[in-house]
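Letter by letter, the chains look like this.
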Amino acid sequence: MVVNVSDGMNYAPVGKPNPVLGPGEKFVFAAIALDHGHIYGMCNGLIEAGATLKYVYDPDPAKVKAFCEKFPGVKVAESEDEILSDKEVQLIAGAAVTSERCALGLRAMDAGKDYFTDKAPLTTLEQLEAAKAKVRETGRKYMVYYSERLHVESAVFAGQLIEQGAIGRVIQTLGMGPHRIGAESSRPAWFFEKEKYGGILCDIGSHQIEQFLFYTGAKDAAIVNSKIANYNHPNHPGLDDFGDCNLVADNGATGYFRVDWFTPDGLGTWGDGRMFILGTEGYIEQRKYINVGTGEGGGHVFLVNKNQETHFDVSGKVGYPFFGQLIRDCIDRTETAMTQEHAFKAAELCVKAQMQAVKVR
C-alpha cells in the first residue's frame, strides 16, 4: 500500500483496482468542494472500484489545478449547478469546510444524487435533522468517508477477524488518534475556527466513534464524559488540540478514545494511530500507520486469543471493499457498505461529545 503521509490533510491511500461493475454498467460521480485533502482518497477509492470521475468543481483555481494533475481527464465544471443538473452524474463526492458539508449534501440530494462526504459529515444537531429529513424525502444516500476504518487495511482486517469470532464478543475499544498539525501557516483559516471545523471531538473524534460503533456492533451509545483542551496553541483560541471521551453502548460495550494534534516531528508519519479491541475470548491491536522504531510502515494487526498470538502484516493484502460496496449500494439501492442509520448515529454522537465536553484549563 502506498500512502501519502505528508500530513493528516492529505491522507490518500492507493489500493489495487477492484471493479464491481458488470458488462454495460457505468457509475459516474463528480467531486465538489476540495477544502480537505481527503477528497483524493475518496476519489481514488471510487475509481479503483470502477467508477468514472466526470467533473470537478471548486471556486479556488489552485485547488482545481492540483486536483486535475492527480486526476487527468476530469472535466472542470464552470459551476456547481453544471454538475447537479447533469443527469448522468449519480453521486457527489465532497470535502467542503466541515460546517458546509450538510448544505452541499442537501443540494446534491435535491438534485437526485447520492452524496458521499468527508468526515465529520456535519457540525450541529440541527444539520443532522435536516440531513435525515432530506434522506427520507428524496430516498438518496448521505454516506460518510470515515477513512480511519474504511481506508485502512488493518482496520478492515480487524473487522473481518471479529466477524469470524476470533475474539468472541467485543466488550471494549480503546482508540488513539494523534495527528500532526505541521506548519500552522499551511493550514487553512477555517481549520482554527471551531464553528467551521466543529471541534476536535466532532472532527477527528468522528473516526473513533464510528469505529467504536462498528467493532462493538452497537446501534446507539451514551457519552459518559468528554474533555477538550487547548494546551499549546494560544494564538488560535478556537482550536482544540486535545480531546478524549468515554462511551457506553446500548449493548453494554464501553469505549475510550483520545485525539490530539501533538504528533512529534520525529515520527515518520502524520500520526501513530492505534486501536485496541477487547473481546471475551481475546484481543486485537492495530498499528495503523507505523510500527514505531522498527523502520516498518503501517498495516500491522496483532491477535491474541485462546489459540494463538499472531502478528499479521496486511499491507497490500486486504484492500478496501467499502468503495465497491458503496457503488453497488447506489446502483442496487441496498445498504451493504454502511447503513444510513450507522452513518448518522456516528455523526450524532461526535456532535454530542463535543457539546458535552468539559474544557480543561
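Residues numbered from 1 in each chain as written. Predicted model: local features only at pLDDT ≥ 70, side-chain atom pairs only at ≥ 80, totals over all residues. Heavy atoms only, no water.

The next point concerns the environment of N246. Its place among the elements puts N246 in strand β9 (residues 242–249). Sequence-distant contacts of N246, that is, excluding residues within four places in its chain, are made with A222, I223, V224, N225, G255 and Y256. (Helix = DSSP H or I, 4+ residues; strand = E, 2+ residues; numbered from the N terminus. Contact = heavy atoms within 4.5 Å.)

The terminal C-alpha atoms of helix α10 (residues 321–332) lie 16 Å apart, and with 12 residues this matches the ideal 16 Å at 1.5 Å per residue to within 8%. Packed against the buried residues of α10 are α1 (38–48), β4 (91–95), β5 (114–118), β6 (142–145) and α6 (147–150). R333 sits one or two positions beyond α10 and adopts a positive phi of about 60°. (Expected span 1.5 Å × (residues − 1).)

Within the element layout of this structure, Q211 appears in helix α9 (residues 205–216). The class for Q211 is buried, based on a relative accessible area of 0%. Residues within four places of Q211 in sequence aside, it is in contact with E148, R149, M275 and K288. (Buried < 20%, exposed > 50% of the residue type's maximum accessible area, 1.4 Å probe, protein only.)

Another point: the UniProt feature "domain: GFO/IDH/MocA-like oxidoreductase" (unreviewed entry) in the chain. UniProt annotation of "domain: GFO/IDH/MocA-like oxidoreductase" (unreviewed entry) refers to residues 159–285 when read in the numbering used here. Between the end C-alpha atoms of residues 159–285 there is a gap of 12 Å, over a span that is 17% helix and 34% strand. (UniProt positions renumbered as here; feature names shortened; annotations may be inferred.)

Turning next to the pairing of strand β15 (residues 300–305). In this sheet, β15 lies alongside strand β12 (residues 282–287) in antiparallel orientation, the contact comprising six bridges. Within β15, the residue paired with I284 across the bridge is L303. Sheet topology note: the β15/strand β16 (residues 309–313) ladder contains five bridges and is antiparallel. Looking at the pairing, L303 lines up with T310 of β16. (Pairing = 2+ DSSP bridges.)

Further remarks concern the sheet that holds strand β11 (residues 274–279). Spatial strand order, β16-β15-β12-β11-β7-β10-β9-β8-β17: nine strands in an open sheet with mixed pairing. Edge positions in the sheet fall to β16 and β17 (358–360), since each of these pairs with one other strand and no more. Strand-to-strand twist across the sheet, computed as the mean angle between neighbouring axes with direction ignored, equals 10°. Two elements, β11 and β12, share six bridges in a ladder whose sense is antiparallel. The partner of I277 across the bridge, within β12, is I284. Running at roughly 170° to β12, helix α7 (residues 153–163) makes contact with β7 (170–178), β11, β12, β15 and β16 of the sheet. (Axes fitted to C-alpha atoms, helices over the stretch in contact; angles between N-to-C directions.)

The final tally for this structure, using the stated rule, is 27 salt bridges. A salt bridge links E88 to K26; its shortest N-O distance comes to 3.6 Å. Here the residue E88 occupies a position in the loop between α3 (80–84) and β4, and K26 occupies one in the segment before β1 (28–34), the gap between them amounting to 62 residues. Taking relative accessible area as the criterion, E88 reaches 32% and is therefore assigned partly exposed. Overall, K26 belongs to the partly exposed group, its relative accessible area being 48%. D114 serves as the salt-bridge partner of R140, at 3.3 Å between the closest nitrogen and oxygen. Of the two residues, R140 is situated in the loop between α5 (125–138) and β6 and D114 in strand β5; the sequence distance between them amounts to 26 residues. In this structure R140 comes out as partly exposed when scored by relative accessible area, which is 22%. Judged by its relative accessible area of 1%, D114 falls in the buried class. Look at the salt bridges and you will find they share partners, linking K26, K54, D86 and E88 into a network. (Salt bridge = Lys/Arg side-chain N within 4 Å of Asp/Glu carboxyl O.)

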